[in-house]
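Okay, here's what each chain looks like letter by letter:
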Amino acid sequence: MSQFVNKAKNFVAEKVANIKKPEASVTDVDLKNVTRECIEYGAKVSVSNPYSTPLPICEISYTFKSAGRAIASGTIPDPGSLKASDTTMLDVPVKVPYSILISLARDIGADWDIDYELQLGLTIDLPVIGDITIPLSQKGEIKLPTLRDIIN
């Protein structure tokens, strides 16, 4: 009897492993807005849905790191759905307080930018399977706003 149960488990595990899953990538991270409290960056995420039905996105979680430490993190609950058999572009706003940027002065240096790593977790509800999280990571360099950007 235990052999039958083990074969059934292996069969299900193999089928689940071979199921098509949505694929995602970070296409851009750029300055979006400057306020008196923070700098808001926007990450654009491209997600392709291989299914002929829309898939609900449960949440998007993010961590924005610089100099090896988290400078912003958060979650966006229920950001919508993925279009059926299509690619959906998602905007993920990341707010970084000025107080954090001041502590990164050594990394900012003369070129007025920071090296960053953006980690995203895109949690999607797949029918029958349940929730899956697609992990994404993007590293790069991003410019800080100038005084002119803040005044305008």
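Everything quoted here is computed from the prediction, not taken from an experiment. (Residues numbered from 1 in each chain as written. Predicted model: local features only at pLDDT ≥ 70, side-chain atom pairs only at ≥ 80, totals over all residues. Heavy atoms only, no water.)

Novice: Describe the side chain of asparagine 49, naming the residues involved and giving the relevant values.
Specialist: The residue asparagine 49 is located in the loop between β2 (38-48) and β3 (55-66) in this model. Looking at asparagine 49, the relative accessible area reads 4%, which means it is buried. Of the polar contacts made by the side chain of asparagine 49, one reaches the backbone nitrogen of tyrosine 51; its length is 2.9 Å. Ignoring anything within four residues of it in the chain, the contact list for asparagine 49 reads Pro54, Leu55, Leu82, Lys83, Ala84, Ser85 and Asp86. (Helix = DSSP H or I, 4+ residues; strand = E, 2+ residues; numbered from the N terminus. Buried < 20%, exposed > 50% of the residue type's maximum accessible area, 1.4 Å probe, protein only. Polar contact = N/O pair within 3.5 Å; in protein donor to acceptor, adjacent residues only side chain to side chain. Contact = heavy atoms within 4.5 Å.)

Novice: Please give an account of the nonpolar core that cites residues and values.
Specialist: Within the largest apolar cluster, 33 residues are counted, with the highest numbers of intra-cluster contacts made by Phe64, Val92, Leu118 and Leu120. Counting only elements with at least two residues in this core, the list comes to β1 (23-34), β2, β3, β4 (69-82), β5 (87-97), β6 (113-126) and β7 (130-143). For this core, the element with the highest residue contribution is β6, accounting for seven residues. With near-sequence residues (within four places) excluded, leucine 120 lies in contact with Val26, Val45, Ile60, Ser61, Tyr62, Val92, Ile134, Pro135 and Leu136. (Core = buried A, V, L, I, M, F, W, Y, C linked by side-chain atoms within 4.5 Å.)

Novice: I'd love a proper account of the environment of serine 99, names of residues and values included.
Specialist: If you trace the backbone, serine 99 turns up in helix α2 (residues 98-103). In this structure serine 99 comes out as exposed when scored by relative accessible area, which is 56%. For the pair serine 99 and glutamate 37, spaced 62 residues apart in the sequence, the C-alpha separation amounts to 9.0 Å.

Novice: Describe the side chain of threonine 123, naming the residues involved and giving the relevant values.
Specialist: With respect to the helices and strands, threonine 123 occurs in strand β6. Ignoring sequence-local partners within four residues, the contact set of threonine 123 consists of Ile57, Cys58, Glu59, Asp131, Ile132 and Thr133.

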